[in-house]
Amino acid sequence: MKKLTFALCFALSSFTLSSTHAAEGQRVTLTGELIDTWCYTSEIMYALGTAHHKCAVWCAVGGIPVSIRTEDDQVYVILKVEEDDTSVANPRLVEIQTHQVTVNGDLYARDGVNYLIVDQVADDHGIVHINHEDFGIQPF
Amino acid sequence: MKMRSLPVLLFGLLSVSNPSLAADSWGIDGEEKARIQVTVVDLLCELTGNCAENCGDGKRQLGLLQEDGTLLLPAKNNDIFAGATADLIPFCGKKIEADGLLIKKDQITMFALQFKRELPDGKWSRANWFTRDWSERNGQDAARWFENDPTIKAELERTGILGLPGVTYVPQ
(Lines give C-alpha, C1' and ligand atoms only; values in the text may rest on other atoms or scores of the structure.)
Protein backbone atom coordinates (compact mmCIF):
# COMPACT_ATOMS: atom_id res chain seq x y z
CA MET A 1 0.00 0.00 0.00
CA LYS A 2 2.86 2.38 0.86
CA LYS A 3 4.43 1.65 -2.50
CA LEU A 4 1.16 2.41 -4.26
CA THR A 5 0.75 5.69 -2.38
CA PHE A 6 4.33 6.69 -3.22
CA ALA A 7 3.83 5.80 -6.87
CA LEU A 8 0.62 7.85 -7.03
CA CYS A 9 2.28 10.85 -5.36
CA PHE A 10 5.23 10.61 -7.74
CA ALA A 11 2.96 10.35 -10.76
CA LEU A 12 0.86 13.32 -9.67
CA SER A 13 3.90 15.50 -8.93
CA SER A 14 5.41 14.60 -12.29
CA PHE A 15 2.18 15.59 -14.04
CA THR A 16 2.13 18.92 -12.22
CA LEU A 17 5.71 19.68 -13.21
CA SER A 18 5.23 18.73 -16.83
CA SER A 19 1.94 20.58 -17.25
CA THR A 20 3.50 23.98 -16.57
CA HIS A 21 6.97 25.40 -16.90
CA ALA A 22 6.05 28.53 -14.99
CA ALA A 23 8.65 29.83 -12.56
CA GLU A 24 8.91 32.69 -10.12
CA GLY A 25 10.11 35.96 -11.59
CA GLN A 26 12.69 38.22 -10.02
CA ARG A 27 11.32 41.55 -8.81
CA VAL A 28 13.05 44.44 -10.57
CA THR A 29 12.83 48.17 -11.05
CA LEU A 30 14.33 49.27 -14.34
CA THR A 31 14.87 52.61 -16.04
CA GLY A 32 15.50 52.78 -19.76
CA GLU A 33 14.27 53.66 -23.23
CA LEU A 34 11.50 51.75 -24.96
CA ILE A 35 12.95 50.39 -28.19
CA ASP A 36 12.11 48.29 -31.18
CA THR A 37 13.84 45.06 -30.24
CA TRP A 38 14.68 44.03 -33.80
CA CYS A 39 16.16 47.25 -35.15
CA TYR A 40 18.21 47.87 -32.03
CA THR A 41 19.66 44.45 -31.38
CA SER A 42 20.20 43.45 -35.02
CA GLU A 43 22.14 46.72 -35.52
CA ILE A 44 20.72 47.15 -39.01
CA MET A 45 20.33 50.87 -38.36
CA TYR A 46 20.69 53.48 -35.64
CA ALA A 47 17.70 52.69 -33.45
CA LEU A 48 17.38 55.07 -30.51
CA GLY A 49 15.68 58.37 -29.78
CA THR A 50 13.93 60.83 -32.05
CA ALA A 51 15.95 59.67 -35.06
CA HIS A 52 14.28 56.28 -34.93
CA HIS A 53 10.90 57.07 -33.36
CA LYS A 54 8.84 56.75 -36.55
CA CYS A 55 10.34 53.35 -37.36
CA ALA A 56 9.91 52.23 -33.75
CA VAL A 57 6.18 52.98 -34.04
CA TRP A 58 5.99 51.12 -37.37
CA CYS A 59 7.62 48.07 -35.80
CA ALA A 60 5.54 48.15 -32.60
CA VAL A 61 2.32 48.25 -34.64
CA GLY A 62 3.80 45.54 -36.87
CA GLY A 63 4.02 43.27 -33.84
CA ILE A 64 7.77 43.19 -33.29
CA PRO A 65 8.46 42.90 -29.55
CA VAL A 66 9.00 46.17 -27.69
CA SER A 67 11.78 46.17 -25.11
CA ILE A 68 13.33 48.40 -22.49
CA ARG A 69 16.99 49.16 -23.11
CA THR A 70 18.79 50.20 -19.94
CA GLU A 71 21.90 52.38 -19.66
CA ASP A 72 24.11 49.30 -19.24
CA ASP A 73 22.88 48.15 -22.69
CA GLN A 74 20.73 45.30 -21.43
CA VAL A 75 17.48 44.59 -23.27
CA TYR A 76 14.25 43.44 -21.59
CA VAL A 77 11.41 42.16 -23.81
CA ILE A 78 8.01 43.29 -22.52
CA LEU A 79 5.29 40.62 -22.40
CA LYS A 80 2.69 42.44 -20.29
CA VAL A 81 1.97 46.04 -19.33
CA GLU A 82 0.04 46.73 -16.16
CA GLU A 83 -3.42 45.11 -16.47
CA ASP A 84 -3.06 44.40 -20.18
CA ASP A 85 -1.92 40.87 -21.06
CA THR A 86 -1.31 41.70 -24.72
CA SER A 87 2.12 42.44 -26.17
CA VAL A 88 1.54 42.52 -29.94
CA ALA A 89 0.79 46.05 -31.18
CA ASN A 90 -0.14 46.95 -27.60
CA PRO A 91 -1.70 50.47 -27.70
CA ARG A 92 -0.02 51.53 -24.42
CA LEU A 93 3.42 50.54 -25.71
CA VAL A 94 2.81 52.30 -29.04
CA GLU A 95 1.80 55.43 -27.12
CA ILE A 96 5.00 55.51 -25.01
CA GLN A 97 7.38 54.10 -27.63
CA THR A 98 10.88 55.68 -27.41
CA HIS A 99 10.11 57.24 -24.02
CA GLN A 100 12.46 56.82 -21.10
CA VAL A 101 10.47 55.08 -18.40
CA THR A 102 10.92 53.56 -15.00
CA VAL A 103 9.00 50.34 -14.50
CA ASN A 104 8.39 47.83 -11.76
CA GLY A 105 7.92 44.23 -12.69
CA ASP A 106 9.05 40.63 -12.76
CA LEU A 107 12.06 39.44 -14.77
CA TYR A 108 12.27 35.98 -16.32
CA ALA A 109 15.64 35.23 -17.90
CA ARG A 110 15.59 32.21 -20.21
CA ASP A 111 17.76 30.96 -23.07
CA GLY A 112 19.40 34.28 -23.84
CA VAL A 113 16.36 36.52 -23.44
CA ASN A 114 15.31 38.78 -20.58
CA TYR A 115 11.50 38.75 -20.48
CA LEU A 116 9.75 41.43 -18.44
CA ILE A 117 6.26 41.48 -16.94
CA VAL A 118 5.59 45.14 -16.22
CA ASP A 119 3.07 45.67 -13.47
CA GLN A 120 3.60 49.41 -13.17
CA VAL A 121 4.99 52.18 -15.33
CA ALA A 122 6.14 54.22 -12.35
CA ASP A 123 7.58 57.17 -14.27
CA ASP A 124 7.51 58.42 -17.83
CA HIS A 125 10.16 60.98 -18.78
CA GLY A 126 9.09 61.20 -22.43
CA ILE A 127 11.70 61.02 -25.17
CA VAL A 128 15.11 62.00 -23.83
CA HIS A 129 17.36 61.07 -26.76
CA ILE A 130 17.00 64.06 -29.06
CA ASN A 131 19.32 62.89 -31.79
CA HIS A 132 17.63 63.42 -35.19
CA GLU A 133 20.00 66.26 -36.04
CA ASP A 134 22.92 63.86 -35.69
CA PHE A 135 21.41 60.79 -37.34
CA GLY A 136 18.56 62.07 -39.52
CA ILE A 137 15.43 59.92 -39.74
CA GLN A 138 16.20 56.19 -39.61
CA PRO A 139 15.88 54.30 -41.88
CA PHE A 140 14.09 56.78 -44.19
CA MET B 1 25.68 51.16 -33.88
CA LYS B 2 26.23 49.96 -37.44
CA MET B 3 24.16 50.33 -40.58
CA ARG B 4 26.05 48.05 -42.91
CA SER B 5 23.33 45.43 -43.17
CA LEU B 6 20.37 47.64 -44.03
CA PRO B 7 20.54 47.46 -47.86
CA VAL B 8 20.93 43.68 -47.74
CA LEU B 9 18.07 43.33 -45.28
CA LEU B 10 15.69 45.60 -47.17
CA PHE B 11 16.46 43.76 -50.39
CA GLY B 12 15.79 40.47 -48.66
CA LEU B 13 12.50 41.60 -47.16
CA LEU B 14 11.21 43.09 -50.39
CA SER B 15 12.38 40.22 -52.55
CA VAL B 16 9.85 37.60 -53.62
CA SER B 17 12.33 35.14 -55.07
CA ASN B 18 13.48 32.13 -53.16
CA PRO B 19 12.36 28.98 -54.91
CA SER B 20 14.38 26.78 -52.57
CA LEU B 21 12.29 27.79 -49.52
CA ALA B 22 15.39 27.95 -47.37
CA ALA B 23 16.59 30.83 -45.28
CA ASP B 24 18.48 33.73 -46.84
CA SER B 25 21.30 35.47 -45.05
CA TRP B 26 20.40 38.99 -43.96
CA GLY B 27 24.00 39.95 -43.23
CA ILE B 28 23.47 40.38 -39.51
CA ASP B 29 26.35 39.81 -37.11
CA GLY B 30 25.72 36.64 -35.12
CA GLU B 31 23.18 35.16 -37.54
CA GLU B 32 23.15 31.48 -38.38
CA LYS B 33 20.76 29.73 -40.77
CA ALA B 34 18.59 27.28 -38.85
CA ARG B 35 15.80 24.81 -39.61
CA ILE B 36 14.25 23.67 -36.35
CA GLN B 37 11.34 21.56 -35.15
CA VAL B 38 9.45 23.33 -32.39
CA THR B 39 6.13 23.72 -30.63
CA VAL B 40 4.46 27.13 -30.87
CA VAL B 41 3.70 28.44 -27.36
CA ASP B 42 2.29 31.53 -25.67
CA LEU B 43 5.36 33.13 -24.04
CA LEU B 44 3.47 34.64 -21.11
CA CYS B 45 1.86 31.26 -20.42
CA GLU B 46 5.12 29.34 -20.79
CA LEU B 47 7.02 31.64 -18.44
CA THR B 48 4.46 32.63 -15.83
CA GLY B 49 1.48 30.29 -16.09
CA ASN B 50 -0.77 33.18 -17.21
CA CYS B 51 -2.39 31.43 -20.16
CA ALA B 52 -4.98 32.55 -22.69
CA GLU B 53 -7.16 30.63 -25.09
CA ASN B 54 -5.51 30.05 -28.48
CA CYS B 55 -2.25 31.66 -27.24
CA GLY B 56 -4.00 35.04 -27.04
CA ASP B 57 -5.43 35.03 -30.57
CA GLY B 58 -2.45 36.90 -32.04
CA LYS B 59 -2.26 39.60 -29.38
CA ARG B 60 0.50 37.96 -27.34
CA GLN B 61 4.12 37.34 -28.31
CA LEU B 62 4.68 33.70 -29.15
CA GLY B 63 7.64 31.41 -28.49
CA LEU B 64 9.26 28.46 -30.23
CA LEU B 65 9.83 25.63 -27.77
CA GLN B 66 12.37 23.01 -28.78
CA GLU B 67 12.28 19.36 -27.64
CA ASP B 68 15.15 19.95 -25.21
CA GLY B 69 13.23 22.77 -23.50
CA THR B 70 15.06 25.63 -25.19
CA LEU B 71 12.71 28.55 -25.71
CA LEU B 72 13.31 30.88 -28.68
CA LEU B 73 11.91 34.34 -29.32
CA PRO B 74 10.67 34.72 -32.92
CA ALA B 75 11.15 38.49 -33.15
CA LYS B 76 10.77 38.97 -36.90
CA ASN B 77 9.08 37.53 -39.96
CA ASN B 78 9.78 38.04 -43.67
CA ASP B 79 7.64 41.19 -44.02
CA ILE B 80 9.19 44.59 -43.68
CA PHE B 81 8.77 46.10 -40.17
CA ALA B 82 6.67 43.16 -38.90
CA GLY B 83 6.86 40.42 -36.29
CA ALA B 84 6.08 36.72 -36.60
CA THR B 85 2.84 36.37 -34.64
CA ALA B 86 0.53 36.32 -37.68
CA ASP B 87 2.59 33.49 -39.17
CA LEU B 88 2.60 31.44 -35.98
CA ILE B 89 -0.80 31.90 -34.35
CA PRO B 90 -2.52 29.30 -36.58
CA PHE B 91 -0.12 26.78 -35.06
CA CYS B 92 -0.67 27.56 -31.35
CA GLY B 93 0.22 24.41 -29.40
CA LYS B 94 1.23 22.57 -32.57
CA LYS B 95 4.56 21.29 -33.81
CA ILE B 96 6.02 23.08 -36.78
CA GLU B 97 9.24 23.26 -38.70
CA ALA B 98 10.64 26.79 -38.73
CA ASP B 99 13.26 27.94 -41.17
CA GLY B 100 15.12 31.18 -40.67
CA LEU B 101 17.99 32.83 -38.87
CA LEU B 102 19.04 32.20 -35.30
CA ILE B 103 20.68 35.40 -34.16
CA LYS B 104 22.83 35.51 -31.06
CA LYS B 105 23.82 38.94 -29.76
CA ASP B 106 25.23 40.05 -26.43
CA GLN B 107 21.84 41.37 -25.31
CA ILE B 108 19.50 38.77 -26.77
CA THR B 109 19.03 35.55 -28.72
CA MET B 110 16.24 35.70 -31.30
CA PHE B 111 14.86 33.94 -34.35
CA ALA B 112 13.97 35.58 -37.67
CA LEU B 113 11.27 33.40 -39.24
CA GLN B 114 11.42 33.13 -43.04
CA PHE B 115 9.43 29.95 -43.78
CA LYS B 116 7.28 27.58 -41.77
CA ARG B 117 5.21 24.41 -42.12
CA GLU B 118 3.12 22.29 -39.77
CA LEU B 119 4.57 18.89 -38.90
CA PRO B 120 4.54 16.18 -39.92
CA ASP B 121 3.63 16.91 -43.54
CA GLY B 122 2.34 20.48 -43.95
CA LYS B 123 3.33 22.57 -46.95
CA TRP B 124 6.05 25.17 -46.61
CA SER B 125 4.89 28.76 -46.77
CA ARG B 126 6.75 32.05 -46.66
CA ALA B 127 6.53 33.90 -43.35
CA ASN B 128 4.68 36.89 -44.77
CA TRP B 129 1.24 36.49 -43.29
CA PHE B 130 1.37 39.85 -41.51
CA THR B 131 1.05 41.70 -44.82
CA ARG B 132 -1.41 39.11 -46.16
CA ASP B 133 -3.68 39.73 -43.16
CA TRP B 134 -3.10 43.51 -43.24
CA SER B 135 -4.12 43.64 -46.88
CA GLU B 136 -7.31 41.70 -46.15
CA ARG B 137 -8.16 43.96 -43.19
CA ASN B 138 -7.47 47.21 -44.99
CA GLY B 139 -8.49 46.37 -48.54
CA GLN B 140 -5.30 47.61 -50.13
CA ASP B 141 -1.88 46.48 -51.22
CA ALA B 142 0.45 45.97 -48.25
CA ALA B 143 3.81 46.57 -49.91
CA ARG B 144 4.20 49.82 -47.93
CA TRP B 145 1.70 48.97 -45.22
CA PHE B 146 3.57 51.02 -42.62
CA GLU B 147 2.84 54.25 -44.49
CA ASN B 148 -0.87 53.51 -44.84
CA ASP B 149 -1.77 51.83 -41.57
CA PRO B 150 -4.53 53.79 -39.77
CA THR B 151 -3.12 53.17 -36.28
CA ILE B 152 0.33 54.39 -37.31
CA LYS B 153 -1.10 57.41 -39.11
CA ALA B 154 -3.09 58.40 -36.02
CA GLU B 155 -0.12 57.96 -33.68
CA LEU B 156 2.31 59.91 -35.86
CA GLU B 157 -0.27 62.66 -36.37
CA ARG B 158 -0.49 62.90 -32.57
CA THR B 159 3.24 62.97 -31.84
CA GLY B 160 4.94 63.85 -35.12
CA ILE B 161 7.62 61.61 -36.62
CA LEU B 162 10.08 62.64 -33.90
CA GLY B 163 7.70 61.66 -31.12
CA LEU B 164 7.73 65.26 -29.90
CA PRO B 165 4.25 66.82 -30.26
CA GLY B 166 4.47 70.21 -31.94
CA VAL B 167 8.07 69.75 -33.16
CA THR B 168 8.45 69.48 -36.91
CA TYR B 169 11.38 67.69 -38.50
CA VAL B 170 13.43 69.88 -40.80
CA PRO B 171 15.99 67.87 -42.80
CA GLN B 172 19.53 69.25 -42.48
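For every chain, the first residue of the written sequence is number 1, and numbering continues from 1 along that sequence. The naming scheme follows written order: chains are lettered A onward, ligands numbered 1 onward. Owing to the predicted nature of the model, reporting of local features is limited to residues with pLDDT of at least 70; listing and counting of side-chain atom pairs is limited to 80 or more, with chain, interface and lining totals taken over all residues.

**Quick word on the overall build of chain A**
Then, in step 1: Every helix listed is a DSSP run of H or I at least four residues long, and every strand listed is a run of E at least two residues long, numbered separately from the N terminus. Counting its regular elements, chain A contains five helices and five strands.
Then, in step 2: Reading the helices (α) and strands (β) of chain A from amino to carboxyl end gives α-β-α-α-β-β-α-β-β-α.
Then, in step 3: Backbone-placed C-beta atoms define the burial measure: a residue is buried with 20 or more other C-beta atoms within 10 Å of its own, exposed with 12 or fewer, and partly exposed in between. Residues classed as buried in chain A amount to 49% of the 140 residues present.
Then, in step 4: By the convention adopted here, residues make contact when the C-beta atoms placed from their backbones lie within 7 Å. For chain A, the share of sequence-separated contacts (at least 6 apart) that also reach a separation of at least 24 residues comes to 69%.

**What about the sheet that holds strand β4 (residues 100–110) of chain A?**
All names here are of chain A.
Then, in step 1: Strand order in the closed barrel formed by five strands is β1-β2-β3-β5-β4, with mixed pairing between adjacent strands. Direction aside, the axes of adjacent strands within the sheet are offset by 55° on average.
Then, in step 2: Axis definition: a line fitted to C-alpha atoms, limited for helices to the stretch in contact. Angles are taken between N-to-C directions and run from 0 to 180 degrees. Running over the sheet, helix α3 (residues 49–61) touches β1 (26–36) and β2 (66–70) and is turned about 115° from β1. By definition, two strands form a pair when at least two bridges between them are found by DSSP.

**Quick look at the interface of chain A and chain B**
Then, in step 1: Contacts between the two partners involve 48 residues from chain A, matched on the other side by 50 residues from chain B.
Then, in step 2: The greatest single-element share of the side of chain A that touches chain B, amounting to seven residues, is contributed by α3(A).
Then, in step 3: Here the term charged refers only to Asp, Glu, Lys and Arg, the term nonpolar to Ala, Val, Leu, Ile, Met, Phe, Trp, Tyr, Cys and Pro, and the term polar to all other amino acids, Gly among them. Tallied by class, residues from the side of chain A that touches chain B come to 24 nonpolar, 16 polar and eight charged.

**Describing the confidence of the model for chain B**
Residue and element names in this part refer to chain B.
Then, in step 1: Think of pLDDT as the predictor's per-residue confidence, scored from 0 to 100. Per-residue confidence for chain B gives a mean pLDDT of 91, with 88% of residues at or over 70.
Then, in step 2: Within the model, pLDDT remains below 50 along residues 14–19, and this stretch shows two contacts once partners closer than five positions in the same chain are excluded.
Then, in step 3: Quick note on the complex model: pTM equals 0.88, ipTM equals 0.89.

**Focus: α3(A)**
Residues and elements named next belong to chain A.
Then, in step 1: One less than the residue count of a helix, multiplied by 1.5 Å, gives the span that helix is expected to have. In this model, α3 (13 residues) spans 17 Å end to end at C-alpha, consistent with the 18 Å of a helix rising 1.5 Å per residue.
Then, in step 2: Most pronounced at C55, the bend in α3 amounts to some 35°.
Then, in step 3: Within α3, 13 of the 13 residues are buried, which leaves it mostly tucked inside the rest of the structure.
Then, in step 4: Two residues or fewer past α3, G63 is found with a positive phi of approximately 90°. Each residue is assigned a bend, namely the angle between axes fitted to the seven residues that terminate at it and the seven residues that start at it.

**Re helix α6 (residues 150–159) of chain B**
Then, in step 1: Within the sequence span of α6(B), burial applies to I152(B), E155(B) and T159(B). With its buried residues spanning 70° around the axis, α6(B) presents them on a single face. Pointing more than 90 degrees away from the buried face of α6(B) are the exposed residues P150(B), K153(B), A154(B) and E157(B).
Then, in step 2: Buried-residue contacts for α6(B) involve α3 and α4 (91–95) of chain A together with α5 (145–148) of chain B.
Then, in step 3: Directly beyond the C-terminal end of α6(B), a positive phi value near 80° is found at G160(B). Note that the arc is defined by the directions from the helix axis to the C-beta atoms.

**Some thoughts on the nonpolar core**
A general trend in soluble globular proteins is that nonpolar side chains are found buried together.
Then, in step 1: The term nonpolar core refers to a group of buried residues, namely Ala, Val, Leu, Ile, Met, Phe, Trp, Tyr and Cys, whose C-beta atoms join them within 7 Å. Among the nonpolar cores identified, the biggest contains 83 residues, and C59(A), A60(A), I78(A), L116(A), V40(B) and F111(B) are the most heavily contacted of them.
Then, in step 2: The element that contributes the greatest number of residues to this core is α3(A), accounting for eight residues.
Then, in step 3: What F111(B) contacts, discounting residues up to four positions off in sequence, is L64(B), L72(B), L73(B), P74(B), A75(B), A98(B), G100(B) and L102(B).

**Re the pairing of β1(A)**
Residues and elements named next belong to chain A.
Then, in step 1: Where β1 lies against β4, eight bridges are found, and the strand directions are antiparallel. If you follow G32 over to β4, its bridge partner there is V101.
Then, in step 2: Inspection of the sheet shows β1 paired to β2 by five bridges, in the antiparallel sense. Each bridged residue has a counterpart across the sheet, and for L34 the counterpart in β2 is I68.

**Let's talk about the environment of I108(B)**
Then, in step 1: In this fold, I108(B) is placed in the loop between β5 (95–104) and β6 (109–118).
Then, in step 2: Each residue touching I108(B), except ones within four places of it in the same chain, is listed here: T41(A), V75(A), G112(A) and V113(A).

**A few points about the confidence of the model for chain A**
Then, in step 1: Looking at chain A, pLDDT values average 88 and 84% of them are 70 or higher.
Then, in step 2: In this model residues 1–20 of chain A is a low-confidence stretch, pLDDT under 50, and it forms one contact with partners more than four residues away in sequence or in other chains.

**Considering unusual backbone geometry**
Then, in step 1: The omega torsion across Q138(A) and P139(A) is -5°, close enough to zero to call that bond cis.
Then, in step 2: Of note, P139(A) is situated in the segment after α5 (132–135).
Then, in step 3: In the segment running from L119(B) into P120(B), the intervening peptide bond is cis, with an omega of 10°.
Then, in step 4: Position of P120(B) among the secondary structure elements: in the loop between β6 and β7 (125–126).
Then, in step 5: The phi angle at D57(B) is positive, at roughly 55°, despite the residue not being glycine.
Then, in step 6: Residue placement: D57(B) occurs in the loop between α2 (43–48) and β2 (62–66).

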